[in-house]
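# Coordinate analysis (summary)
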Amino acid sequence: MSKHHRDRSWAPAPQPLPDDAHVIDNHTHVAAVVPFSRAMSHEAMEKGQPEVPVYSVGELLAQAQAVGVEGVIDCGCELPNLMTAIDMAREHPGVVHTAIAIHPNESVLHGHRGVPGPDGLPLKYKPWHDTSFDDAMAEVHRLAVTYPSQVVAIGETGMDLFRTGEAAKELQREAFRAHIALAKELGLPLQIHDRDSHKEVIETLLADGAPERTVFHSYSGDAEMGEIARENGWYLSLSGTSSYKGNDGIRESATLVGLDHIMVETDAPYLSPMPYRGRTNAPYMIPYTLQALANYLDKPLAEIARATRETTRKVYGI
């Protein structure tokens, strides 16, 4: 489909999950959905397509709850967004929980230490990147300790060798190690981002000793990595990418680790599940990902939903 004809509207709401099978979106960026959908609407109108509604955070959460997504773990992973995520949890107690960190791509921008990566994008420093990484990390620590009722995880952290070049790889690894140490110090789960860096992330976890509850967010590994995760008791969080054709390795890994080590997420506003790939993602879309997983595992949707909910509650203590 050409960009001109791309459908930019919201996907229809899925069938609500059964009352006894409500779930939690393990990793999302709800505040980011608002400007993302606004940009999508602007693009649609430029192409002569209908205006796309822009919903508030409260409306997005209500839409999720209407289809059985009872809560979310919202991730703040840039210095100015840490408090945004915590405030959302304070405003929506019991529904929103928070993970905070300095994203791998952000970690090397702090102190202006970035190196362009294979993605070919130019480096873009923002005012908060004048803050050193150590100072940014100290703020993550301070907030996690100050808001223990809201902050239930450290993440997303890890490595990303698509956006960061080889010359800054070890800086990124050191930042990852600082997050591993913090998660262990505070007894919190760790949410991992590992784009084009599975090998480096696994090496670092094994060298430093992974936190007891280590979660690969939007898991993208193959069956070999799934086996390593199984051996180490690591958790896999499956996003809409698990429904994409050709991602057999993700689905095979889910079989390997078993239902008690699987969670589901949106990573909204990105990674919408099939058949709505390319549209704005939001927590209400979770049932589509669950259905794709249920089809692959040949199990009832409600059974998959209940299993992911229990795992999410156990991992995050919520």
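Residues numbered from 1 in each chain as written. Predicted model: local features only at pLDDT ≥ 70, side-chain atom pairs only at ≥ 80, totals over all residues. Heavy atoms only, no water.

### Some details on the overall build of the protein chain
Of regular secondary structure, the protein chain possesses eleven helices and eight strands. Against the globule reference of 20 Å for 318 residues, the protein chain gives a C-alpha radius of gyration of 19 Å, in line with a compact fold. The dimensions of the protein chain, computed from C-alpha atoms along their principal axes, are 45 × 45 × 40 Å. Within the protein chain, the proportion of its 318 residues that are buried is 54%. Within the protein chain, contacts between residues separated by at least 24 positions form 72% of all contacts whose residues are at least 6 apart in sequence. Within the structure as shown, the protein chain displays about 13,300 Å² of accessible surface, and the carbon and sulfur contribution to it stands at 52%. In the protein chain, which carries 28 positive and 43 negative side-chain charges, the distance between the mean positions of the two groups comes to 3 Å. (Helix = DSSP H or I, 4+ residues; strand = E, 2+ residues; numbered from the N terminus. Rg over C-alpha atoms; globule rule 2.2 N^0.38 Å. Buried < 20%, exposed > 50% of the residue type's maximum accessible area, 1.4 Å probe, protein only. Contact = heavy atoms within 4.5 Å. Areas by Shrake-Rupley, 256 points an atom, 1.4 Å probe, with all protein chains shown as cover. Lys, Arg positive; Asp, Glu negative; His and termini not counted. Charge placed at Lys NZ, Arg CZ, Asp CG, Glu CD.)

### Section: the layout of surface pockets
Volume-wise, the largest pocket comes out at about 1,400 Å³. Lining the largest pocket are 48 residues; nearest its centre among them are Glu78, His103, Asn105, Arg163 and Tyr270. Of all the elements in the fold, those that place two or more residues in the lining of the largest pocket are helix 1 (30–46), strand 2 (69–76), helix 3 (82–91), helix 4 (104–107), strand 4 (151–160) and strand 5 (190–195). Looking at which element gives the most residues to the lining of the largest pocket, the answer is helix 1, with five residues. Residues of the lining of the largest pocket, tallied by class, amount to 20 nonpolar, 15 polar and 13 charged. (1 Å grid on protein atoms, 1.4 Å probe; cavity = no way out; pocket = protein on both sides within 12 Å on 5 of 7 lines; lining within 4 Å. Points joined across faces, edges and corners; volume = space filled by probe spheres on them. Nonpolar A, V, L, I, M, F, W, Y, C, P; charged D, E, K, R; others polar.)

### Points about the nonpolar core
Core analysis: the biggest nonpolar cluster contains 76 residues, and Ile154, Leu205 and Phe216 have the highest contact counts within it. Counting ten residues, the second-largest nonpolar core is a separate cluster that includes Ala153, Val215, Met263 and Tyr316. (Core = buried A, V, L, I, M, F, W, Y, C linked by side-chain atoms within 4.5 Å.)

### Digging into the UniProt feature "binding site: a divalent metal cation 2" (unreviewed entry) in the protein chain
Under the local residue numbering, the UniProt record ascribes the feature "binding site: a divalent metal cation 2" (unreviewed entry) to His193 and His217. Spatial clustering of the annotated residues is evident: they stretch over 25 residues in sequence, but the largest pairwise C-alpha distance comes to 6.0 Å. Residues that both appear in the annotated list above and line the largest pocket are His193 and His217. Looking at where histidine 193 falls in the secondary structure, it is placed in strand 5. Residue histidine 193 is classed as buried on the basis of its relative accessible area of 13%. Each residue touching histidine 193, except ones within four places of it in the same chain, is listed here: His103, Pro104, Glu156, Thr157, Gly158, Met159, Asp160 and His217. Side-chain polar atoms of histidine 193 contact the side chain of glutamate 156, separated by 3.0 Å. In this structure, histidine 217 sits in the loop between strand 6 (214–216) and helix 8 (223–232). Residues within four places of histidine 217 in sequence aside, it is in contact with His27, Glu156, Ile192, His193, Ser237, Glu265 and Asp267. (UniProt positions renumbered as here; feature names shortened; annotations may be inferred. Polar contact = N/O pair within 3.5 Å; in protein donor to acceptor, adjacent residues only side chain to side chain.)

### Section: helix 2 (residues 57–66)
Listing the buried residues of helix 2 in full gives Leu60, Leu61 and Ala64. Looking straight down helix 2, one finds its buried side chains confined to an arc of 95°; they lie on one side. On the buried face of helix 2, the contacting elements are helix 1, strand 2 and strand 3 (96–100). Two residues or fewer after helix 2 comes glycine 68, characterised by a positive phi angle close to 95°. (Arc of directions from axis to C-beta.)

### Details of the sheet that holds strand 6
One open sheet accounts for eight strands, arranged 1-2-3-4-5-6-7-8; its pairing is parallel. Edge positions in the open sheet fall to strand 1 (23–28) and strand 8 (262–264), since each of these has one partner strand only. Averaged over all pairs of adjacent strands, the angle between their axes in this sheet comes to 30°, without regard to strand direction. Bridge count between strand 5 and strand 6: three bridges; the pairing is parallel. By the bridge assignment for strand 6, isoleucine 192 is matched with phenylalanine 216. Each of strand 3 and strand 4 is contacted by helix 5 (residues 133–146), which is oriented at about 160° to strand 4, the strand it contacts most. Running at roughly 140° to strand 7 (residues 235–238), helix 9 (residues 248–257) makes contact with strand 7 and strand 8 of the sheet. (Pairing = 2+ DSSP bridges. Axes fitted to C-alpha atoms, helices over the stretch in contact; angles between N-to-C directions.)

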